[in-house]
Amino acid sequence: MRWPKFARSLARSLGWVLGLLALALVAAQAWSRQEQWLPFWRQLQARDVAAVVGLCLIMQLLLGLAWHVFVHGRVVRDRLLGDQLRWGQSLLAKYLPGKIWQGVARGALYARDRGSGAAFVLFVREQLLSLGISALIAAAAAPAALSPRLGVGFQCAFLAAAAALTWIAMLKRLPEPVMARLPGIVRDGIAECPDAATMRRVWVLQLAGYVAMCAAFALLAASFGLRLDALRLSAALCFAGLAGVAALFVPAGLGVREAGLFWCLSPLLGAANAAMLALAWRVAITFAEALFALLSFVVGMRRR
C-alpha cells in the first residue's frame, strides 16, 4: 500500500474514532442526567417532529435550488429536477467516506455535462459561500462560556471569516505558483467563475436554506419546552457546524458538532438539556438528509 493511500485510510479511521468518541461523551452527559431532561422529552409530539423534519427538507430543497442556479446562472425548468436529484444523491457521501467525497461524487455526477473538474471547483465555491453564511450567523451571538472581551473578539473573528470566505469563493484566479500545480481541468474550472448576479442569487438562496435550518432547530428546542432566544440558538448551531467542517476527517462532523452545541448551550440550558438537544438535532438532521437522499435515488431511478 502506498503511503498517501495509507495516510488517507488512517485519517478516515481516526476521524471516525474521534467523532464517535466525542459523540459518546455528549451521550454520556445526557444519560447520566436523564432525570433532568425526561420531563422535557415527554412534551415532544409527533406534529412537532414532522414540522422539524419538514423544515430540514425545505432547507435541502433551497440548497439544491442554489446549486442549480450556480450551475446554470438562472432557473432552467427542464434541468431543475435533475440538478436537485444530483444534489441529493451526493448528500450522503459526506458521511461515507467523508466530506471531501461529497465534492468527488458531485463531480462524477456531472462528468458528462460539465466535466468532473469544473463541477468539483463549483462545489468548492458553493461550500465556501455556505461556510461564509454560517460564519456570519455564528457571529450574531458569542458563546456564553466566553468572557465579554473574548466574546467580542469571537464575533469580530467570525465576521472577518465570513468576508474572507465569500471573497475567496468569488476569485477567478489563484496565485500563479498555486495555479501552476493544479490540473488543467481544475484551472479551467476556476476561471469559469459565475458572474456577480449569479453569485448574489446563490447567496440569497443559501441564506434562505440556513434560515430554514435554524428555524428547524429553534422549533425543536421549543418543542421540548426549552426557551431560548432563536438568534442565540442559530449562532450556536452554525458555530457547531463550522467546528464539524474544521474537523476535516470526521465524517459529517459526527460528534464534533454535538460537542460544539453542548459547549455553547450548556451555560444557558444546563448540561443535561444541552446534551439532549444536541443529540436530538443530530437524529433529526441525519434522518432528513437520509430521507432526501433516498427520495433522490428513487426518483432518479424512475426517471431512467
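Anything mentioned here points back to the structure above.
The present account deals with the structure reproduced in this document. Owing to the predicted nature of the structure, the values given are computational and were not obtained by experimental measurement. Every chain is numbered independently, its residues counted from 1 as its sequence is written. Residues qualify for local features only when their pLDDT is at least 70, as the model is predicted, and side-chain atom pairs are given and counted only at 80 or more; totals for whole chains, interfaces and linings, by contrast, use all residues. Only hydrogens and water are removed before side-chain values are computed, so all heavy atoms of the structure are retained for them.

Some thoughts on the packing of helix H10 (residues 196-223) against helix H13 (residues 271-303)
- Where H10 meets H13, the axes come as close as 10 Å, and the angle between the chain directions of the two elements is 130 degrees. Regarding the angle of H10 to H13, the classification is oblique. When the axes of H10 and H13 are compared, the crossing they make is right-handed. Residues Met-213, Ala-216, Phe-217, Leu-220 and Ala-221 of H10 touch H13, and the partners they reach there are Leu-277, Ala-280 and Trp-281. Lines fitted to the C-alpha atoms define the axes, with helices restricted to the stretch that makes contact. Angles between their N-to-C directions range from 0 to 180 degrees. In DSSP terms, a helix is any run of H or I states spanning at least four residues, a strand is any run of E spanning at least two, and both are numbered starting from the N terminus. Angles below 35 degrees are treated as roughly parallel, those above 145 as roughly antiparallel, those between 65 and 115 as roughly perpendicular, and all remaining angles as oblique. Throughout, a crossing is termed right-handed when the near helix is turned clockwise from the far one, and left-handed when it is turned anticlockwise from it by less than a right angle. A contact between two residues is defined here by any heavy atoms of the two lying within 4.5 Å.

Considering the packing of aromatic side chains
- For Phe, Tyr and Trp, where Trp contributes only its six-membered ring, two rings pair if their centres lie within 6.5 Å, and the inter-plane angle classes them as stacked under 30 degrees, edge-to-face over 60, or tilted in between. With the rule as written, the count across this model stands at seven aromatic pairs.
- Judged by centre distance (5.3 Å) and plane angle (70 degrees), the ring pair of Phe-217 and Trp-281 falls under edge-to-face. Of this pair, Phe-217 sits in helix H10 while Trp-281 is found in helix H13, placing the two residues 64 residues apart along the sequence.
- The buried label goes to any residue with under 20% of its type's maximum accessible area, the exposed label to any with over 50%, and the partly exposed label to all in between, with areas taken from a 1.4 Å probe on protein chains only. For Phe-217, a relative accessible area of 0% translates into the label buried.
- One aromatic cluster is present, built from ring pairs that chain together Phe-154, Phe-158, Phe-239 and Trp-263.

Brief notes about the side chain of Ser-234
- When you line up the elements, Ser-234 lands in helix H11 (residues 230-246).
- Judged by relative accessible area, Ser-234 falls into the buried class, the value being 10%.
- Each polar contact in these results corresponds to two N or O atoms within 3.5 Å; when the atoms are within protein, one needs to be able to donate a hydrogen and the other to accept it, and residues that are neighboring in sequence are counted only if both atoms are side-chain atoms. One polar contact links the side chain of Ser-234 to the main-chain carbonyl oxygen of Ala-230, over a distance of 2.8 Å.
- When residues no more than four places from it in sequence are discounted, the contact partners of Ser-234 are Ile-137 and Cys-214.

In short, shape yes, function no, at least from these values alone.
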